[in-house]
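Listed below, chain by chain, are the residues.
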Amino acid sequence: MTAPVSPLVVRGPAELAEAAASWTAERIAAAVAQRGACHLALAGGETPRRCYQRLARPPYQDGVRWRSVFVYWSDERQVPLDDPASNYAMAKAALLDHVPIPADQVFPLVGDPTPALRRIPPDDRGWPCFDVIHLGLGEDGHTASLFPGSDALNERRAVVRAIHDAPKPPPDRLTLTLPVLNAARAVLFMVQGASKRDALARVLRRDPALPASQVEPVDGELLFIVDQEAFGG
Ligand code: 6PG
C-alpha cells in the first residue's frame, strides 16, 4: 500500500477552477521553457469545465504560450465530436475556441489515436510522456474510462484501450491506459461535490480496489485539488 495522499482543499467550484487553472498554467510554462512544448491531456466529465473556462480568460488567455501546447484527452466517449456528451466538445466550447492553439496540435481521442500518442516524446521506459494530465474521479472510484473490475486496468502494452461496457453512459469509450497516466510529469485530479466524498477518501488512502488509486506517476507529480464538499468537514 502506498502512502496516503494529501489534497489541496479549496472552498468550492470557483476556487477549484482558479487553483487548477493556475497550477496548469505554471506547468505549461515550465514545459515550454524546458522542452519547447507542452503535451497536455484534458479530462472529461463536468468538473473540469470551469477550469477550462477559467483558462480561457485573463490572465491565462493571453499569458499562456498556447501556440506551444499540444492537446489530447485522457478519455473520450465514442460519440460525434459535436455531441454534447463529447469530452472534446466540452473542451472546445470552454477553452479551445478561445485560445490560439493551432488546429494541428489538437488530437481528439477518436479512431486509432495510437500514432498521435506515439509522437509524444517518450519517457525512458518508452511510454508517451505527457507534461500534464488532467483527471476526474467517479463516485465508484473510476478515472478516465478506467472502471472498477475492467480488464483495461491490466493493460501494460497499449497506450489506449477501447471500452465497450462502461457503467457510466455512454458505454463505448477510449481511455489512456495506466502506464501512460503513470508516465506523466504531472497529474492533476479535480474533484468536487459531496457525491465524491466516499470515493475521494478511499483514493486518498490509496485503496487499491479503486482504479484512481492506481494512478501513481513513476517520476511525476500527483496533485488532488478538491473542494470542501468532496473532502468533507
Ligand atoms: C468521463 C470522464 C470521467 C469523469 C468522472 C467524473 O468521460 O466521464 O473522463 O472519468 O472524469 O466520471 O465526472 P464528473 O466531473 O462529471 O463528475
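Bear in mind the structure is a predicted one, so any value in this text is a computation, not a measurement.

Definitions and cut-offs
- Residues numbered from 1 in each chain as written.
- Predicted model: local features only at pLDDT ≥ 70, side-chain atom pairs only at ≥ 80, totals over all residues.
- Heavy atoms only, no water.
- Helix = DSSP H or I, 4+ residues; strand = E, 2+ residues; numbered from the N terminus.
- Buried < 20%, exposed > 50% of the residue type's maximum accessible area, 1.4 Å probe, protein only.
- Contact = heavy atoms within 4.5 Å.
- Areas by Shrake-Rupley, 256 points an atom, 1.4 Å probe, with all protein chains shown as cover.
- Near = heavy atom within 4 Å.
- Polar contact = N/O pair within 3.5 Å; in protein donor to acceptor, adjacent residues only side chain to side chain.
- Nonpolar A, V, L, I, M, F, W, Y, C, P; charged D, E, K, R; others polar.
- Salt bridge = Lys/Arg side-chain N within 4 Å of Asp/Glu carboxyl O.
- Expected span 1.5 Å × (residues − 1).
- Core = buried A, V, L, I, M, F, W, Y, C linked by side-chain atoms within 4.5 Å.

**Considerations on the overall build of the chain**
For the chain, the count of helices and strands is eight helices and nine strands. The proportion of buried residues among the 233 residues of the chain is 56%. The long-range share in the chain, meaning contacts at least 24 apart out of those at least 6 apart in sequence, stands at 75%. Summing over all exposed atoms, the chain offers an accessible surface of approximately 9900 Å²; the carbon and sulfur share of this is 52%.

**A closer look at the site of the ligand**
Around the ligand there are 15 residues in total, and T47, D75, H142, A144 and K196 lie nearest to it. Interatomic distance of 2.7 Å between a side-chain N/O atom of H142 and an oxygen atom of the ligand. In this structure, an oxygen atom belonging to the ligand sits 2.6 Å away from a main-chain N or O atom of A144. For the ligand, the protein covers 91% of the area, taking 420 Å² as the surface of the free molecule. A per-class count over the shell around the ligand returns two nonpolar, seven polar and six charged.

**A short note on the pattern of salt bridges**
Counted under the stated rule, the structure contains 16 salt bridges. A salt bridge links R27 to E26, with the shortest nitrogen-to-oxygen separation between them at 3.3 Å. Across the salt bridge formed by R125 and D124, the nearest N and O atoms sit 3.2 Å from each other. Through salt bridges with shared partners, one network takes in D123, D124, R125 and D219.

**Some remarks on helix α1 (residues 13-35)**
The end-to-end C-alpha distance of α1, which contains 23 residues, comes to 32 Å, matching closely the 33 Å that a straight helix rising 1.5 Å per residue would cover. For α1, every residue scored as buried is listed here: L16, A17, A20, A21, W23, T24, A25, R27, I28, A31 and V32.

**Side note on the nonpolar core**
If you look at the biggest cluster of nonpolar residues, it comprises 80 residues, and the most contacted ones within it are Y52, W66, W73, L117, F130 and F224. In terms of residues, this core owes the most to one element, α1, which gives eight residues. Among residues more than four places away in sequence, those in contact with L117 are Y72, L109, P128, F130, V159, V160 and L176.

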